[in-house]
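Here is what each chain is made of, one letter per residue.
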Amino acid sequence: MLLAVIRFLLGPKAADRMVAFDIMTVSSIGLIGLIALNAGRMIYLDIALVYGLLSFIGVVIIGRYIERGL
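Residues numbered from 1 in each chain as written. Predicted model: local features only at pLDDT ≥ 70, side-chain atom pairs only at ≥ 80, totals over all residues. Heavy atoms only, no water.

Engineer: Teacher, can you tell me more about the side chain of serine 55 here?
Structural biologist: In this structure, serine 55 sits in helix α3 (residues 43-68). The contact partners of serine 55, leaving out residues within four places of it in the chain, are Phe21, Asp22 and Thr25. (Helix = DSSP H or I, 4+ residues; strand = E, 2+ residues; numbered from the N terminus. Contact = heavy atoms within 4.5 Å.)

This is the structure we're talking about:
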């Protein structure tokens, strides 16, 4: 995840930053899942699901912007 943060900050192109953002969100969703497992609280899985959906929408919007502009 640290490497993804570095690529997000220093990425020479917008596509590099988009991929790094996607890696960070997937890692965060996995971390939320592990926290839900350790805490025994299933509400965290709902939060991870919503976060994943918002992340997917964000990546699609950024990808469309990079490809042809809004």
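Having put the structure on the table, let's press on.
Engineer: Explain a nonpolar patch on the surface to me, please; I cannot follow it from the model alone.
Structural biologist: Together, Met1, Leu2, Leu3, Val5, Ile6, Phe8, Leu9 and Leu10 make up a nonpolar patch on the protein surface, roughly 840 Å² of accessible area in all. Along the chain, the position of leucine 2 falls in helix α1 (residues 2-10). Leucine 2 sits in the exposed class, given a relative accessible area of 64%. (Patch = residues over 30% accessible without salt bridge, like charges linked within 9 Å, V, L, I, M, F, W, Y side chains within 5 Å. Areas by Shrake-Rupley, 256 points an atom, 1.4 Å probe, with all protein chains shown as cover. Salt bridge = Lys/Arg side-chain N within 4 Å of Asp/Glu carboxyl O. Buried < 20%, exposed > 50% of the residue type's maximum accessible area, 1.4 Å probe, protein only.)

Engineer: So what exactly am I meant to see when it comes to the packing of helix α2 (residues 14-39) against α3 here?
Structural biologist: The description of two helices packed together rests on the angle between their axes and the distance between the axes. Between α2 and α3, the least distance of the axes is 9 Å, while the angle of their chain directions is 175°. By the angle between their axes, α2 is roughly antiparallel relative to α3. A per-class count over the contact of α2 with α3 returns 16 nonpolar, 6 polar and 1 charged. (Axes fitted to C-alpha atoms, helices over the stretch in contact; angles between N-to-C directions. Parallel < 35°, antiparallel > 145°, perpendicular 65-115°, else oblique. Nonpolar A, V, L, I, M, F, W, Y, C, P; charged D, E, K, R; others polar.)

Engineer: Would you mind going over the side chain of serine 28 with me for this structure?
Structural biologist: Mapped onto the secondary structure, serine 28 falls in helix α2. Accessibility expressed as a relative area gives 17% for serine 28, which makes it buried. Residues within four places of serine 28 in sequence aside, it is in contact with Met1 and Tyr51.

Engineer: Whenever I open this one, the packing of α1 against α2 confuses me. Can you help?
Structural biologist: Relative to each other, α1 and α2 sit at 150°, their axes nearing to 8 Å. In terms of their interaxial angle, α1 and α2 are classed as roughly antiparallel. Both α1 and α2 take part in a crossing whose hand is left-handed. Here Ala4, Val5, Arg7, Phe8, Leu9 and Leu10 of α1 lie close against α2, whose contacting residues are Asp16, Arg17, Ala20, Phe21, Ile23 and Met24. Classifying every residue of the contact of α1 with α2 by side-chain character gives 9 nonpolar, no polar and 3 charged. (Left-handed = near helix turned anticlockwise from the far one by under 90°.)

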